[in-house]
Amino acid sequence: MASRVGWAVVMVGGLVSGCTLMQERDDAEIVVAKALVSDEQEAQLGEQIRRELEQQGIRYTKDVQVQQYVEGLVAQLQPHAKKDRDTRLHVHVIDDTKTVNAFATPGGHLYVYTGLLTTASNESEVVGVLSHEVGHVVARHAARSLVAQLGLSNVASLALGSDPEALHQVVGQLLTNGALLAHSRADELEADVYAVRYAAAAGYDPRGIAMFFRKLPTVEGRWGKALSWLQTHPTTPDRIERVNATIARERLSGSKLGAETLAPIKQRIEAGMPVSWK
Ligand SMILES: [Zn+2]
């Protein structure tokens, strides 16, 4: 196994020569993640995680209009994300107004809590958060986290090993202790770059994610620990500055805010519309 790992390291080293050190590390990680965790494996991991989340008791919204609303937003982002990574996105809306959160898992699964929709002031904020999560998918952050947390040699031996269940078991453990869904600061900043790009490309005000960042601290006092997205996405002035700098540098613009289109969805959620799934 050591020789196979050695080969992978040499291959990665050869592909990223000439970059800056930091960029080199990121590129190396993404190449390793791509080489060792295939799209097929990612899809299997995503399915495994979905089953485990359901076993843990997450409940999806039964309101088809709310589900279709979020699917519609993601559908606007998909063609732009596809240019960076051709992968299908799956939308799951979790029925939990007390939790302000969204996350992505391997295999392009996006999970959004209804509490995030009711906390946002307008659609551009929701789109900013969704685009950020799509950024995690596009940049293969879950697979890169595996490499970072388990070590290259362990992921290599799991991926190349004869027991395909071994990788699944390890991911199950990582999911249980939350390690797989916690991203590094570098990954968060990278996902922010995708967030503003995709939001602007879809015609939205790319400052939506920064507006949502600013909102979270004021909401925190009301819901305390339920604000999971804030816990995994620490809002710092530095982060908002970086978002604004990316918008300026890449000359991104978009005028759509969509307060009027989000409002009826918020009303449905807050009223707890008893709607059958069919
Ligand atoms: Zn994130």
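Residues numbered from 1 in each chain as written. Predicted model: local features only at pLDDT ≥ 70, side-chain atom pairs only at ≥ 80, totals over all residues.

So, the sheet that holds strand β2 (residues 102–105)
- The three strands are arranged β1-β3-β2 in an open sheet whose pairing can be described as mixed. A single partner strand is all that each edge strand has here, and the edge strands are β1 (90–94) and β2. Along the sheet, successive strands turn relative to each other by an average axial angle of 20°, direction set aside.
- Pairing of β2 with strand β3 (residues 109–113) involves four bridges; the strand directions are antiparallel. Note on β3: the bridge partner recorded for Ala104 is Leu110. (Pairing = 2+ DSSP bridges. Helix = DSSP H or I, 4+ residues; strand = E, 2+ residues; numbered from the N terminus. Axes fitted to C-alpha atoms, helices over the stretch in contact; angles between N-to-C directions.)

Some details on the environment of Thr118
- By the element assignment, Thr118 lies in helix α5 (residues 114–119).
- Taking C-alpha positions, Thr118 is 5.1 Å from Lys266, a pair spaced 148 residues apart along the chain.
- For Thr118, the residues in contact, after removing those within four places along its chain, are Thr97, Lys266, Ile269 and Glu270. (Contact = placed C-beta atoms within 7 Å.)

A few points about helix α10 (residues 185–201)
- An ideal rise of 1.5 Å per residue puts 24 Å on 17 residues; α10 measures up with 25 Å between its terminal C-alpha atoms.
- Of all 17 residues that make up α10, twelve are buried, and the element is covered over most of its length.
- Of all the positions in α10, only Asp187, Glu190, Ala191, Asp192, Val193, Tyr194, Ala195, Val196, Arg197, Tyr198, Ala199 and Ala200 are classed as buried.
- Where α10 ends, the next residue or the one after it, Gly203, has phi of about 95°, a positive value. (Expected span 1.5 Å × (residues − 1). Buried ≥ 20, exposed ≤ 12 C-beta atoms within 10 Å, placed from the backbone.)

With respect to the packing of helix α4 (residues 64–82) against helix α14 (residues 259–271)
- Between α4 and α14, the shortest axis-to-axis distance is 10 Å and the interhelical angle comes to 140°. Two packed elements cross with a definite hand, and for α4 against α14 that hand is left-handed. Contact residues: Gln65, Val66 and Tyr69 in α4; Ile265, Arg268 and Ile269 in α14.
- When grouped by side-chain class, the residues that make up the contact of α4 with α14 number four nonpolar, one polar and one charged. (Left-handed = near helix turned anticlockwise from the far one by under 90°. Nonpolar A, V, L, I, M, F, W, Y, C, P; charged D, E, K, R; others polar.)

Notes on the nonpolar core
- Formed by 48 residues in total, the largest nonpolar core has its most connected members in Val112, Leu130 and Val134.
- Element by element, the count of residues in this core is highest for α10, at eight residues.
- Those residues within four positions of Val134 in sequence are excluded, and the remaining contacts are Leu77, Ala81, Leu89, Tyr194 and Tyr198.
- Counting residues in hydrophobic clusters, the runner-up holds five residues, among them Val37, Ala142, Ala143 and Leu146. (Core = buried A, V, L, I, M, F, W, Y, C linked by C-beta atoms within 7 Å.)

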